2 protein chains.
Amino acid sequence: MASDHYSQSRAIAVLGTGVWGSALATLAHNNGHSVQSWSRRGETALAAAVADADVVVSAIAMKGVTAIAAQLKALELPSSVILVSATKGLDPQTTRTPSQIWRAELPHNPIVVLSGPNLSAEIEQGLPAATVVASDSLNAAEQVQDVFASERFRVYTNSDCLGTELGGALKNVVAIAVGVCDGLNLGTNARSALMTRALPELIRVGTHLGGEAETFFGLSGLGDLLATCTSPLSRNYQVGYQLAQGQSLAKILADLKGTAEGVNTANVLVALANHETIPIPISRQVDRLLNGKCSPQEAVAELMARDLKPEACSI
Amino acid sequence: MASDHYSQSRAIAVLGTGVWGSALATLAHNNGHSVQSWSRRGETALAAAVADADVVVSAIAMKGVTAIAAQLKALELPSSVILVSATKGLDPQTTRTPSQIWRAELPHNPIVVLSGPNLSAEIEQGLPAATVVASDSLNAAEQVQDVFASERFRVYTNSDCLGTELGGALKNVVAIAVGVCDGLNLGTNARSALMTRALPELIRVGTHLGGEAETFFGLSGLGDLLATCTSPLSRNYQVGYQLAQGQSLAKILADLKGTAEGVNTANVLVALANHETIPIPISRQVDRLLNGKCSPQEAVAELMARDLKPEACSI
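Residues numbered from 1 in each chain as written. Chains lettered and ligands numbered in written order. Predicted model: local features only at pLDDT ≥ 70, side-chain atom pairs only at ≥ 80, totals over all residues. Heavy atoms only, no water.

Trainee: For this particular structure, what's the right way to read the packing of aromatic side chains?
Mentor: One pair of aromatic rings is described through two measures. These are the centre distance and the angle between the planes. Enumeration according to the criterion identifies 3 aromatic pairs over all chains in this entry. Aromatic pair Phe217(A) and Phe217(B): ring centres 3.8 Å apart, planes at 20°, arrangement stacked. Taken together, the residues Phe217(A) in the loop between helix 9 (213–216) and helix 10 (219–229) and Phe217(B) in the loop between helix 9 (213–216) and helix 10 (219–229) connect one chain to another. As far as the burial class goes, Phe217(A) and Phe217(B) line up, both buried. Between Tyr237(A) and Tyr241(A) the ring centres are 6.0 Å apart and the planes differ by 25°, which places this aromatic pair in the stacked class. Taken as a pair, Tyr237(A) and Tyr241(A) lie in helix 11 (residues 235–244) at a separation of 4 residues, close to a single helical turn. Tyr237(A) gets classed as buried once you look at its relative accessible area, which sits at 7%. Judged by relative accessible area, Tyr241(A) falls into the partly exposed class, the value being 28%. The lysine or arginine in question, Arg197(A), covers the ring of Tyr156(B), its NZ or CZ lying 4.4 Å from the ring centre. (Phe/Tyr/Trp six-rings, centres within 6.5 Å; stacked < 30°, edge-to-face > 60°. Helix = DSSP H or I, 4+ residues; strand = E, 2+ residues; numbered from the N terminus. Buried < 20%, exposed > 50% of the residue type's maximum accessible area, 1.4 Å probe, protein only. Lys NZ or Arg CZ within 6 Å of the ring centre and 35° of its normal.)

Trainee: Would you take a moment to explain the sheet that holds strand 1 (residues 11–15) of chain B for this structure?
Mentor: Working definition: the strands of a sheet are paired by backbone hydrogen bonds and lie parallel or antiparallel to each other. Residues and elements named next belong to chain B. Pairing is mixed across the open sheet formed by 7 strands, whose spatial order is 2-1-3-4-5-6-7. At either end of the open sheet lies a strand with only one pairing partner, and these are strand 2 (34–38) and strand 7 (153–158). Ignoring strand direction, the axes of neighbouring strands in this sheet form an average angle of 25°. Here 4 bridges tie strand 3 (residues 55–58) to strand 4 (residues 82–85), and the two strands are oriented parallel to one another. For Val-55, the partnering residue across the bridge sits in strand 4 and is Ile-82. Packing of helix 6 (residues 138–148) onto the sheet brings it into contact with strand 1, strand 3, strand 4, strand 5 (111–115), strand 6 (129–134) and strand 7, and relative to strand 7 it is tilted by some 175°. The strands touched by helix 7 (residues 161–183) within the sheet are strand 4, strand 5, strand 6 and strand 7, with strand 5 carrying the most contacts at an inclination of about 35°. (Pairing = 2+ DSSP bridges. Axes fitted to C-alpha atoms, helices over the stretch in contact; angles between N-to-C directions. Contact = heavy atoms within 4.5 Å.)

Trainee: How do you make sense of the environment of Asn31(B) when you look at a structure like this?
Mentor: All names here are of chain B. Note that Asn-31 resides in the loop between helix 1 (19–30) and strand 2. Distance from Asn-31 to Ala-254, taken between C-alpha atoms, is 36 Å for residues 223 residues apart in sequence. At 3.0 Å, the side chain of Asn-31 forms a polar contact with the backbone oxygen of Val-147. (Polar contact = N/O pair within 3.5 Å; in protein donor to acceptor, adjacent residues only side chain to side chain.)

Trainee: I would appreciate a short explanation of the sheet that holds strand 5 (residues 111–115) of chain A in the present structure.
Mentor: Residue and element names in this part refer to chain A. The strand order 2-1-3-4-5-6-7 describes an open sheet built from 7 strands, whose pairing is mixed. Bordering the open sheet on either side are strand 2 (34–38) and strand 7 (153–158), each of which pairs with just one other strand. Strand-to-strand twist of the sheet, defined as the mean angle between neighbouring strand axes without regard to direction, takes the value 25°. Both strand 4 (residues 82–85) and strand 5 contribute to a ladder of 3 bridges, which runs parallel. Paired with Val-84 across the bridge in strand 5 is Val-112. Its contacts with the sheet place helix 7 (residues 161–183) against strand 4, strand 5, strand 6 (129–134) and strand 7, and it is angled at close to 35° to strand 5. Seen against the sheet, helix 10 touches strand 5, strand 6 and strand 7 and runs at an angle of roughly 145° to strand 6.

Trainee: What is the right way to look at the pattern of salt bridges in this model?
Mentor: Opposite charge on two side chains makes pairing possible when the charged atoms of those side chains draw close. Residues and elements named next belong to chain A. Taken as a whole and assessed by the stated rule, the structure comprises 12 salt bridges over all chains. Here Lys-88 makes a salt bridge to Asp-224, at a shortest N to O gap of 2.9 Å. Placement of Lys-88 in the loop between strand 4 and helix 4 (98–105) and of Asp-224 in helix 10 is noted, with a sequence separation of 136 residues between them. Take Lys-88 and Asp-224: they sit in the same class, and that class is buried. Here the salt bridges do not stand alone but share partners, grouping Lys-88, Lys-171 and Asp-224 into one network. (Salt bridge = Lys/Arg side-chain N within 4 Å of Asp/Glu carboxyl O.)

Trainee: Help me understand helix 14 (residues 281–290) of chain A, please; the structure alone is not making it clear to me.
Mentor: Every α-helix winds through 3.6 residues per turn, so residues three or four apart in the chain are directed the same way. Residues and elements named next belong to chain A. Helix 14 sits mainly inside the fold: 7 of its 10 residues count as buried. Along helix 14, the positions that sit buried rather than exposed are Ile-282, Ser-283, Gln-285, Val-286, Asp-287, Leu-289 and Leu-290. Residues of helix 14 that are buried in the fold lie against helix 7, helix 8 (187–208), helix 11, helix 12 (249–255), helix 13 (261–276) and helix 15 (296–304).

Trainee: Just to check I follow, could you spell out the state of the cysteines for this structure?
Mentor: By definition, a disulfide links two cysteine residues through a covalent bond between their sulfur atoms. Applying the stated criterion across every chain yields a total of 0 disulfides over all chains. Of all cysteine sulfurs in the structure, the one in Cys181(A) sits closest to Cys229(A), which takes part in no disulfide; the separation is 10 Å. (Disulfide = S-S within 2.5 Å.)

Trainee: Is there a simple way to think about helix 10 of chain B in this case?
Mentor: Taken across its 11 residues, helix 10 of chain B has 11 buried, putting it largely inside the fold. Buried within helix 10 of chain B we find Leu219(B), Ser220(B), Gly221(B), Leu222(B), Gly223(B), Asp224(B), Leu225(B), Leu226(B), Ala227(B), Thr228(B) and Cys229(B).

Trainee: What is the right way to read the pairing of strand 7 of chain B from this model?
Mentor: Across a regular strand the side chains alternate sides, sitting on one face of the sheet and then on the other. All names here are of chain B. Among the 6 residues that make up strand 7, 6 are buried, leaving the element largely enclosed by the rest of the structure. Alternating residues of strand 7 divide into Phe-153, Val-155 and Thr-157 and Arg-154, Tyr-156 and Asn-158, and every residue in both groups is buried. One ladder, built from 6 bridges, connects strand 6 with strand 7; its direction is parallel. The residue bridging Ala-130 from the neighbouring strand is Arg-154, located in strand 7. Between strand 6 and its parallel partner strand 7, the chain crosses via helix 6, and the hand of that crossover is right-handed. (Right-handed = clockwise from strand over helix to strand, strands pointing away.)

Trainee: Would you mind showing me how to read the environment of Met195(B) here?
Mentor: Residues and elements named next belong to chain B. You can see Met-195 is positioned in helix 8 (residues 187–208). Residue Met-195 is classed as buried on the basis of its relative accessible area of 2%. Considering only alpha carbons, one finds Met-195 and Ile-282, 87 residues apart in sequence, at a separation of 9.7 Å.

Trainee: Before we go on, may I ask you to explain unusual backbone geometry in this structure?
Mentor: Excluding glycine, a negative phi dihedral is what most residues carry, and trans is how most peptide bonds are arranged. Positive phi outside glycine occurs at Asn185(A), with the angle close to 55°. Assignment of secondary structure puts Asn185(A) in the loop between helix 7 and helix 8. Classification of Asn185(A) by relative accessible area gives exposed; the value is 58%. Of note, the phi angle at Thr95(B) is positive, near 60°, even though the residue is not glycine. Structurally, the position occupied by Thr95(B) is in the loop between strand 4 and helix 4 (98–105). Look at Thr95(B) and you get partly exposed, because its relative accessible area is 29%.

Trainee: Explanation requested: the nonpolar core in the structure shown.
Mentor: The nonpolar side chains of a soluble globular protein tend to be buried, and buried together. In this structure, Val239(A), Leu290(A), Val239(B) and Leu290(B) are the most contacted members of the largest nonpolar core, which totals 108 residues. Not counting the four nearest positions on each side in its chain, Val239(B) is found in contact with Leu249(B), Ile252(B), Leu253(B), Leu256(B), Ala260(B), Val263(B) and Leu290(B). (Core = buried A, V, L, I, M, F, W, Y, C linked by side-chain atoms within 4.5 Å.)

Here's what the structure looks like:
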């Protein structure tokens, strides 16, 4: 394909060896790049892992981002090194996004957000997928596009870094709600209505935080919402589904492979919405459910029972 | 619920006794209305079925709309009778929507479009769902809301009659594409990307034809797209799924219970898009596939292989 020119082999450091970090490492490796994976539990020092990197990809869980960003800052990377943030979540303490944390610590490096409908297991199987790389720097975004893009993994550039990132964080809360809906066997009609009414809620919060509305209708917003809410592979969906089956949150999280970021994001989101008075009825019910303030049945009934009124997906 | 006031029992005639007509008849009956169902294959004359009706609900297949509208015109209904169009499709000869056909024949009666993510089988099971009733006349829309609305079937009013109707027609073509994608086992990531990129295509056509963009982000647009593309109950999805399994279109349609409107809609849509030069890459591949001009694999490959470029869900 004319525009898929893998002209240059780059040195890529991938931080985080979970399923998502591994999938990204595979994609870069398959494109002929030299890939060094790093985990805080591994034997390689962070300094050694990133020593010669042209691109550092962070696929670590939300709770680790602040600490790793501080460590990378101390390493004084050259300002040409591109930092790719592939973490989806919000910081509980500060409500900052991962890219905002990176930017604060590495103000002179280009930051690129990578986010989209990307279930890791499918990407590892070589199934086709598409994603978004967003950055203030189009040049940096295009370099990251070159690192990952292939016929099977389509990578689109976008200039709305924050909007791209927020779609990936906020949809995890909706995925819990949709998991509850499916766990209660309410059917496709109910699930479709719930997801449709969730999108304006995401956009209300996302644009308030600085994202552009249009971004949320794209792959990193709606696309990721669809993937996360329609696949049993999604961990956040699984949390909701199992809550609906009557399991306790503590047991579900203990048994889960990997992190369900939506559990933390719901708390952060509700605190934020309360402070800024943004209406988030769906996320609010998820938060009540996660905090044991209502049953799955009550949460869903509350969402269905809102007064009849003109349809408005106004943002 | 305060706003669900079923203050008045009305006489409702439901034209069409397929699964959708039956589901609507059940909903009205359960709300205490007097319901008369009619089918062209039945023994009741159309004149008798609609004789005392306050509301006439048309749930007949697209191909029957023109003939029945002409018959109703000849019956000279009182101008107070509300006509509800619940058919999803486009007329092959004229590219008109059902409500446009009704309006031409019954210019003095209020016309209301009813459309949303409403798989009939789920509604018959009493599972929760939401829909949209759209009309130039808010009063007529609210009367129809009263006919059907219940705690389990939420009905929202909208003033964009055409946009509401077009979402329901156009998404059937996308459902065929998504069925192909799933039939080829391409996974959740690919399906989510396809649906995300289909929505702007629907909006491009829909707004060109006179609908409002915002409507397509609501229940009758995105909501219906989600329901149709994520349930094996959808006939249009089934057409795509079985084409991907190598079955012939003729055999699939012969075995199908009910009509897959998307097959006709694809033809109409491509003719229209050619005439008006609207880009519809997804619908175009569906049309090529339905007309035997490419294989399912080729159709999907063509959609995945578009050049890498900035993400734009521009309409």
